[in-house]
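# Fold and geometry: a report
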Amino acid sequence: RWKTNDNAITDAANEAKDNVKYLFTLDKYIEPLYSGTPAAILETLPGLLNNIRMMHTIARYYSTSLRMTTLFRKVTDQMIANCRAFVEADGNMWDQPTASLIANLRTCLEVNHQYQEQYRAVRDQLAASPKNKQFDFNENLIFGKFDLFCRRVEKLIDMFCTVEQFSALSKHNLEGMDGLMANFINIVSDFKRKPYDLLDFHMNQFDRDYLEFNANIHELESSLQGFINASFEHITSTEHALSLLRQFQAILQRDSLKDDLESKFMVIFQNYGLDLETVQRLYEKQKSSPPTVRNAPPVTGNVMWARQLMRRIEAPMAQFKENAALMTTKESKKLVKVYNKIARTIIEFETLWHLAWTKGIEAAKSGLQATLIVRHPTSEKLHVNFDREILQLLRETKCLMRMGVDVPESAKIVLLQEEKFKNYYNLLSYALLEHEQVMAGILPITAPLLKPHISELERVIQPGMLSLTWTSMNIDAYLHAFHAELMRFNDLVSKIKDVVDNRLMRNLKSVAELKLVELPSEETFTLDKFVSIQEKHVRDQAAIMAAKNVEVEEAMQDLIALVTNYPTKYTSESIDPADVQKLQAHFSRLMYDAVLNCTQESLNLVKRRVGSRALAGFHEKPFFEVNVELQIPNVIMNPPLSEIQAAINKCSRTILGCSKRLQVWQIDAEPGKPRRSVYEVVSKDREIVRVVLLLTGSVEGAKRQVYEYLNTFSKYDFLWKDDKEVAYKSFVDRKPTIEDFESELRKYVTVESEISRIPEKHTIGALSLETAPLKVAFKNEANAWKSQYAENLHLQAKQELDHITTWMIDMNRFLKREISDLDDVRMAMKYLSEVREMESRLDWEVG
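Think of each chain on its own: its residues are numbered from 1, step by step along the sequence as written. Residues qualify for local features only when their pLDDT is at least 70, as the model is predicted, and side-chain atom pairs are given and counted only at 80 or more; totals for whole chains, interfaces and linings, by contrast, use all residues. Water and hydrogen atoms play no part in the side-chain values, which are based on all heavy atoms of the structure.

Broken down by element type, the protein chain carries 31 helices and seven strands. Buried residues in the protein chain amount to 39% of all 847 residues. Residue contacts are defined here by distance: any two heavy atoms, one from each residue, within 4.5 Å place the two residues in contact. When contacts within the protein chain are restricted to residue pairs at least 6 apart in sequence, long-range pairs at least 24 apart make up 76% of them. The Shrake-Rupley method, run with a 1.4 Å probe sphere, supplies the accessible areas, and residue values consider only the shown protein chains as cover. For the protein chain, the exposed area adds up to about 47,900 Å²; of that, 53% sits on carbon and sulfur atoms. Secondary structure follows DSSP: runs of H or I at least 4 residues long count as helices, runs of E at least 2 residues long count as strands, and numbering of each begins at the N terminus. The buried label applies to any residue whose accessible area, calculated with a 1.4 Å probe on protein chains only, is under 20% of its type's maximum; exposed applies above 50%, and partly exposed to all values in between.

Below, the structure written as structure tokens:
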């Protein structure tokens, strides 16, 4: 028994070793089933099947039908596991891109197909050698699960293809598809909520849900078919309908929908016949004046219109030709005849326009023989003489070539020179614009002097107006000479303008704006200060005016020299001396006007200040400060009005005298003859004389107001006219009391207070009357009167006080006597009675 067991164990060990030896040869082919992809499995399938065949043929123990079937089942199970892992590698199938998911599922089907093909190939190969062991295994056990798995995969492919189809349809945003897409999304959402694994082919619930999904999709497809039928019921454009049909064909892959789409070709083709009629009517209506693209030249516009009509009927016909079944019908043959007729008419229209344009090319090219520049007959303005027909020829050639139309060589040659012609046109336009600006910059007063220079420039421009054409070879040299002479003439004009603006007109403006008097509006002058300031200011301004006059005269000479010394090569004209004298006379007159304006404004400034009055809302300071003084017996103004008037007269004469140093320009006078002073002309001007005469009586209007103001102080004339001694003696003769003295002193205190309230300044016209000296004099006189009464009152009071003091001494002596008898008593009582009476009287008098 032990030996039997030992033999059994030995046989089992040998069997195991033999099995391991053969199974180990399958290791490298089995490995991709666990770690590889379906693509790797497909590569190893031939080797795997060949090794299993070899093992089945020569293995001693493992070649039994049961073991080989088990091996094949395990291989199949691992292939299914690998395919499931491959499909789910990128996550949940609903979250994966549909196109890549369907490709992965198709790969799984390919693995099953190749697996079974390889198995049958090996089986058939063994069957060809009956002596060898055959693959007579139960194929249902081997491939049954894989077939079930692949049927599940096929259903998933169908389902996800449907999802992909409707998703693509929703992306095209077709109008009216919103409701259908909403229903589709609900169907897919319901399926997504199913709790089972889609690849679990043992789960039969999927089959029931799949049937329900297909039923819902069938209803959705019926609605979609209705939508497609409605879309093609009212076809507005054949091209649009064909485009829509192509979109549906590219999206809808289900057989039920494909057949319906094929039937729409006939509907569109019938509508195409209406399009042909529409194009024919449009052609007949618009052929005389076709609508063209904006900015398109005429020939190109007509050709484009014809080609647009041709394109409208040609593109659909090209698609209809591809449908052989459609083109064999009777209706199609009639429509083809109509199409050919319309196409021939449109092509003839295009050909006629092209031939007419070709014949007109030479006529358009004749514009290149015109001169470069032409002068306008009325405005004398220069223009570039470029024929617009050339530009149109260039545009037509360029546009037609872009459209692929054959263009004659002559038009191509002109087109090759387009850049040159446009460059010359731009350069000439710029040169003439510069010429116009330079001519516009010539000052009118200097234009007569520049006649020879303008003639020089015209001689340089003349070849472009007489001999040079657009085909000439020396246009570049002409443009260079034109620009050089124009720049030279522009330089002369700029220098003349600079001299006139900065040396002539600026100095003339400075002279015209000179103020020959200095009268600050916020300052008041004393007479002496006014005279000294004006004399100094007038001297300074006269020197400036003389210097400006010399500068203007020198600038005039420089201007004439600048124009005279300008070299000319093409003209012999010279400057007319009369024009030079006119220019000198013009600026001489401007200089005189500037001096006249300066003098008149200065005199008017003095007149305004002298005649100034305090107006409502505006208070200008008085011109002169004068003192009001007391010169007994009168109140006077110092300085008097006569001196103020004399100072004003002197100021006006000084202003006029500024022009004495200026000499009138010598234009056509004899050499050596003394030149007149500008003063001789200015002093005779009517306005100047009028202002000077007004200034000679400028303060007369204030004389009456001044006298009235001075008379207001006559109420105080008693202070200096009455004799103080006589007045006091008359007062004393009236035996005045203390109250009388007090009343008299209060009278002068009141007068003194009134004097203090007199304003320090009083303005009359341009005069500011200073009352401070007068107030001091009045107060001194009032104080003299107060002193007169106070001194006499003090003297009288002293005398009375001395009398009282003497009486008191006597009474004191009397009362000190000794009383020896009744007489002494009576005397003492008498003295006491007198003391009481004196006390009462003093209390009453002194208070």
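The next thing to look at is the pattern of salt bridges. In what follows, salt bridge is the name for a side-chain nitrogen of Lys or Arg lying within 4 Å of a carboxyl oxygen of Asp or Glu. With the rule as written, the count across this model stands at 21 salt bridges. Residue Glu418 pairs with Lys422 through a salt bridge whose shortest N-O separation is 2.7 Å. A residue pair is termed a helical-turn pair when its members lie 3 or 4 positions apart in one helix, as Glu418 and Lys422 do in helix α17 (residues 418–440) at four residues. The residue Arg488 makes a salt bridge to Glu456 at a minimum N-O spacing of 3.8 Å. Taken together, the residues span a long stretch of sequence, with Arg488 in helix α20 (residues 475–512) and Glu456 in helix α18 (residues 451–461) at a distance of 32 residues. In this structure Arg488 comes out as partly exposed when scored by relative accessible area, which is 26%. The network of salt bridges with shared partners includes Arg375, Glu380 and Glu458.

The term nonpolar core refers to a set of buried residues drawn from Ala, Val, Leu, Ile, Met, Phe, Trp, Tyr and Cys, joined through side-chain atoms within 4.5 Å. Judged by nonpolar contacts, the single largest core of 109 residues is most densely connected at Ile373, Trp470 and Leu559. Those residues in contact with Ile373 that lie beyond four places of it in its chain are Leu382, His383, Asn385, Leu428, Leu432, Ile461, Gly464, Met465, Tyr478 and Phe482. Tyr115, Phe143, Met159 and Leu180 belong to the second largest nonpolar core, which has 58 residues in total.

This part covers helix α15 (residues 388–402). Here α15 spans 21 Å end to end across 15 residues, near enough to the 21 Å set by a 1.5 Å rise per residue. Along α15, the residues that are buried comprise Ile390, Leu393, Leu394, Glu396, Thr397 and Leu400. For α15, the arc enclosing every buried residue in end-on projection is 165 degrees, short of the 170-degree limit, so these residues lie on one face. Projecting away from the buried face of α15 at angles above 90 degrees are the exposed residues Arg388 and Arg402. Counting of polar contacts relies on pairs of N or O atoms within 3.5 Å, with two restrictions inside protein: one atom must be capable of donating a hydrogen and the other of accepting it, and residues adjacent in sequence are counted only when both atoms are side-chain atoms. Sitting at the head of α15, Asp387 places a side-chain oxygen 3.1 Å from the backbone nitrogen of Glu389. To estimate how far a helix should reach, multiply one less than its number of residues by 1.5 Å. Arc definition: directions from the helix axis to the C-beta atoms.

A word on the packing of α15 against helix α16 (residues 409–416). At a minimum axis separation of 9 Å, α15 and α16 run at an interaxial angle of 110 degrees. In terms of orientation, α15 and α16 fall into the roughly perpendicular class. For the pair α15 and α16, contact is made by Leu393, Leu394, Thr397, Lys398 and Met401 and by Ala411, Lys412, Val414 and Leu415, respectively. Every angle, taken between N-to-C directions, lies between 0 and 180 degrees, and every axis is a line fitted to C-alpha atoms, over only the stretch in contact when it is a helix. Working rule for angles: under 35 degrees goes down as roughly parallel, over 145 as roughly antiparallel, 65 to 115 as roughly perpendicular, anything else as oblique.

Glancing now at unusual backbone geometry. Here Asn295, not a glycine, exhibits a phi torsion of approximately 70 degrees, which is positive. Mapping Asn295 onto the fold places it in the loop between α10 (255–286) and α11 (298–321).

This part takes up the state of the cysteines. Covalent bonding between the sulfur atoms of two cysteines defines a disulfide. When two cysteine sulfur atoms lie within 2.5 Å, the pair is treated as a disulfide. Taken as a whole and assessed by the stated rule, the structure comprises zero disulfides. Its sulfur unpaired, Cys108 is 3.9 Å from the next cysteine sulfur, which belongs to Cys83.

On to α20. Given a rise of 1.5 Å per residue, 38 residues ought to cover 56 Å, and the 52 Å separating the end C-alpha atoms of α20 matches this to within 8%. Bend at a residue means the angle formed by two fitted axes: the first through the 7 residues ending at that position, the second through the 7 residues beginning there. In α20, a bend of some 30 degrees at Met505 exceeds every other bend along the element.

As a further point, take the packing of helix α23 (residues 641–657) against helix α25 (residues 686–696). Taken N-terminus to C-terminus, the directions of α23 and α25 make an angle of 160 degrees; their axes are 9 Å apart at the nearest point. In terms of orientation, α23 lies roughly antiparallel with respect to α25. Handedness of the α23/α25 crossing: right-handed. Judged by residue contacts, Gln645, Ile648, Asn649, Ser652 and Leu656 of α23 engage Ile688, Val692, Leu695 and Thr696 from α25. Its residues assigned to classes, the contact of α23 with α25 shows five nonpolar, four polar and no charged. For a crossing to be left-handed, the near helix must be turned anticlockwise from the far one by less than a right angle; the clockwise case is right-handed. Note that Gly is not counted as nonpolar here; it falls among the polar residues with everything else outside the nonpolar set of Ala, Val, Leu, Ile, Met, Phe, Trp, Tyr, Cys and Pro and the charged set of Asp, Glu, Lys and Arg.

As a per-residue quantity, pLDDT reports the predictor's confidence and falls between 0 and 100. With 81% of its residues at a pLDDT of 70 or more, the protein chain has an overall mean of 78. Counting interchain partners and residues more than four positions distant, the pLDDT-below-50 stretch residues 614–619 has one contact.

Glancing now at a nonpolar patch on the surface. Patch building starts from residues that exceed 30% relative accessible area and form no salt bridge, then joins like charges within 9 Å and nonpolar side chains (Val, Leu, Ile, Met, Phe, Trp, Tyr) within 5 Å. Together, Leu815, Ile819, Leu822, Val825, Met829 and Leu832 line one region of the surface with nonpolar side chains, adding up to about 540 Å² of accessible area. Looking at where Val825 falls in the secondary structure, it is placed in helix α31 (residues 822–846). Given a relative accessible area of 35%, Val825 falls into the partly exposed group.

To continue, consider the packing of aromatic side chains. Each pair of aromatic rings taken from Phe, Tyr and Trp, with Trp reduced to its six-membered ring, is defined by centres within 6.5 Å and is described as stacked if the planes are under 30 degrees apart, edge-to-face if over 60, and tilted in the remaining cases. Scanning all chains against the criterion turns up 19 aromatic pairs. Here the aromatic rings of Tyr115 and Phe143 are separated by 5.1 Å at their centres, their planes lie at 70 degrees, and the arrangement is edge-to-face. Highlighted residues: Tyr115 in helix α5 (residues 98–127) and Phe143 in helix α6 (residues 139–171), separated in sequence by 28 residues. Each member of the pair, Tyr115 as well as Phe143, is classed as buried. Plain terms: the ring middles of Phe146 and Phe149 are 6.2 Å apart, the flat faces sit at 50 degrees to each other, and that makes the pair tilted.

Turning to the side chain of Glu456, a few remarks are in order. With relative accessibility at 0%, the residue Glu456 sits in the buried group. In this structure, Glu456 is in contact with Glu485, Arg488, Thr568, Lys569, Tyr570 and Thr571, ignoring residues within four places of it in sequence.

Let us look at a positive patch on the surface. Neither His nor the chain ends contribute to the count of charged residues, in which Lys and Arg are positive and Asp and Glu negative. Charge positions come from single atoms, namely NZ of Lys, CZ of Arg, CG of Asp or CD of Glu. Taken together, Lys330, Lys333, Lys334 and Lys337 make up a surface patch of like positive charges. Among the structural elements, Lys334 can be located in helix α13 (residues 330–359). For Lys334, a relative accessible area of 61% gives the class exposed.

This brings us to the environment of Cys161. Position of Cys161 among the secondary structure elements: in helix α6. Remark: the alpha-carbon pair of Cys161 and Ile102, spanning 59 residues in sequence, is separated by 7.4 Å. When sequence neighbours within four positions are dropped, the list of residues in contact with Cys161 reads Ile102 and Arg106.

Here we come to the environment of Tyr831. Within the element layout of this structure, Tyr831 appears in helix α31. With a relative accessible area of 10%, Tyr831 lands in the buried category. For Tyr831 and Phe814, which are 17 residues apart along the polypeptide, the C-alpha to C-alpha distance reads 7.6 Å. Those residues in contact with Tyr831 that sit more than four places away from it in its chain are Met811, Phe814 and Leu815.

Before going further, it helps to spend a moment on the environment of Cys399. Structurally, Cys399 is set in helix α15. On the basis of relative accessible area, Cys399 is assigned to the partly exposed category, the value being 21%. Residues Cys399 and Met304, spaced 95 residues apart in sequence, show a C-alpha to C-alpha distance of 9.9 Å. When residues no more than four places from it in sequence are discounted, the contact partners of Cys399 are Pro297 and Thr300.

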